[in-house]
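Examination of the molecular architecture
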Amino acid sequence: MYKIIRNLIVLVGFISQVSMAQTKRPNVLFAIADDMSHASAYGYHFLQTPNFDKVAKEGLLFNNMFTPSSKCSPSRAVVVTGRNPWQIENAANLTPVWPDKFKSFIEVMGENGYTTGFTGKGWGPGMFEKGKKRELTGKAYNEIKNKNVPAAGINKIDYAENFKVFMENKPKDTPFFFWYGCKEPHRSYEFKSGVNKNGKKLADVDFYPTFWGDSEDVKHDILDYAVEVEHYDNHLGKMLDYLASIGELENTIIIVTSDNGMPFPRYKGHPFDFATRVPFAVKWPSKIVKPGRVVNDFASFIDIAPTIFEISNIKEKGSGMIKMEGKSLLDIFNNKADKSRDIVITGRERNDPSRPNGWGYPVRSIHNKDFVYSYNFHPERWPSGTPDADYRDTDTSPTKKYTKNLPKTSLPFQWNYGKRPQEELYDLKRDPECLHNLASNSKYDQIKKKLHKELFCELEKQKDPRMSDNGDVFDSYEGEARTKKYLLLVEWFKTGKKPKGIKPQ
């Protein structure tokens, strides 16, 4: 009898442990680079990202993940709110004052038993309303620094070691959410650091868009960018190894991506298909059906927050968040993708203050597997900023220096800095670089009308101010300050003397 009772106790204990293991909420490591468009998992050879590639190989690699706005502040705001840029008021702009009514999903996780933190760059750049202090991406862990980095311009924050500090400080037996916000490959770069310091060769460059002309300096710029992408990947690898060493990797969902496109002309900040599509890989041990798949279904950054809520068993209702627009990616994880995942909508409002009155360049675009259609609300404005502000809405770089000094009548110059018509339509299979606008081609009238209707109908449902008489509200936020910054930029470009009040891009 004693043995039977003892065995029953052992069995009950075992069942209890199994039950606890099954109900244990997963940890989340969210790794987001700053201005990255490439990973070697996508077939590129000019850079190597073995840790991103491993996550993809053991999980899922997305071919069609989009940020709804290809600029830092709005893209990150989309991630934390689960709403499109046109649904988050001033947060649709670069460097805004955060609208206090919008709660982040990470704040909610902190209220629901998760320990939250970040290293590097969280949400930003931007600020909060006076007297407010928010931790939109958790508590900051940035104290530990690297003594050596692969190139000048790379931030000295030791991302991996700061993650360890977070893990050592968090309460035991509590799940965590950690935001690894690498500040690379944001500019500036050490010119020729790829070749001179990191063993790269010009012959390695197997990515070179037509719209950048032909320049050896541009090739060096691409390789210098690759060095910084590899730095991001290196610290990701250290974090994954650390999680494995402490036995937490198997219960952690790993999400690896970038906030927006690379900081080069026609990429970062622009609405083109290649500029808004970002690298994205997910690993969730034992939870993803048929790991190793390549996902071609369309998804958006608005889907990240509802996905994490679902896997962590947190309810949106009653959380204090304003209703999310996105939908959980669990259907894709389960290899049962929703049939509606065949389009994505992206947009753009005010980026760098590079136009009179601090105005932006508002655009909305709809993307599917065959076409991208864009509607430019103010085609009279300069998409890359005015000439007298040195096209400031494109980051300063060797590539910009080369392309903006090309003859103004040349196609590369016009592609990068020229004005654009109100409507743009590109055939992605024939023209993936989006060089040949088909919007005025009568053969494509039906396609254009269909996409225009689909885009505007969806934006009306989402109550985009651009669908009403209130569209220019995005230009009114901090309008006076933005106008002042624009005038300072014009002065700087005209005199060559940097005025006070202007920060580097």
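Remember, it's a predicted structure, so these values are computed and weren't measured experimentally.

Conventions we followed
Residues numbered from 1 in each chain as written. Predicted model: local features only at pLDDT ≥ 70, side-chain atom pairs only at ≥ 80, totals over all residues. Heavy atoms only, no water. Phe/Tyr/Trp six-rings, centres within 6.5 Å; stacked < 30°, edge-to-face > 60°. Buried < 20%, exposed > 50% of the residue type's maximum accessible area, 1.4 Å probe, protein only. Helix = DSSP H or I, 4+ residues; strand = E, 2+ residues; numbered from the N terminus. Core = buried A, V, L, I, M, F, W, Y, C linked by side-chain atoms within 4.5 Å. Contact = heavy atoms within 4.5 Å. pLDDT = per-residue confidence, 0-100. Pairing = 2+ DSSP bridges.

1. Some points on the packing of aromatic side chains
- Inspection of every chain in the model, using the stated rule, returns 42 aromatic pairs.
- Residues Tyr44 and Phe46 carry aromatic rings whose centres are separated by 5.9 Å and whose planes lie at 75° to one another, so their mutual orientation is edge-to-face.
- Residue classification places Tyr44 among the partly exposed residues on the basis of a relative accessible area of 26%.
- Each ring, one from Phe46 and one from Tyr225, has its centre 6.4 Å from the other, and the planes form 25°; the classification is stacked. Taken as a pair, Phe46 in the loop between β1 (27-33) and α2 (50-58) and Tyr225 in helix α7 (residues 216-245) lie far apart in primary sequence, 179 residues in all.

2. Observations regarding the nonpolar core
- Grouped together as the largest cluster of nonpolar side chains are 55 residues, with contacts concentrated most on Leu29, Phe163, Tyr180 and Trp212.
- Breaking this core down by element, the ones donating at least two residues are β1, α2, α5 (159-169), β6 (176-181), α7, β7 (252-258) and α8 (273-276).
- For this core, the element with the highest residue contribution is α7, accounting for 12 residues.
- Look past the residues within four positions of Phe163 in its chain and what remains in contact with it is Leu29, Phe176, Phe178, Met239, Tyr242 and Leu243.
- Ala77, Ile88, Val282 and Phe301 belong to the second-largest nonpolar core, a separate cluster that totals 47 residues.

3. Quick look at the confidence of the model for the chain
- Taken over all residues, the pLDDT of the chain has a mean of 93, while the share at 70 or more is 95%.
- Note that pLDDT drops below 50 for residues 1-22; the model gives that stretch zero contacts with residues more than four away or on any other chain.

4. Here we look at the pairing of strand β13 (residues 371-376)
- Most of β13 is tucked away: six of the six residues are buried.
- Neither face of β13 is exposed, since Phe371, Tyr373 and Tyr375 on one face and Val372, Ser374 and Asn376 on the opposite face are all buried.
- Pairing between strand β12 (residues 363-367) and β13: five bridges, direction antiparallel. Along β13, the bridge assignment pairs Val363 with Asn376.
- Relative to strand β14 (residues 423-427), β13 runs antiparallel, the two sharing five bridges. Along β14, the bridge assignment pairs Tyr373 with Leu425.

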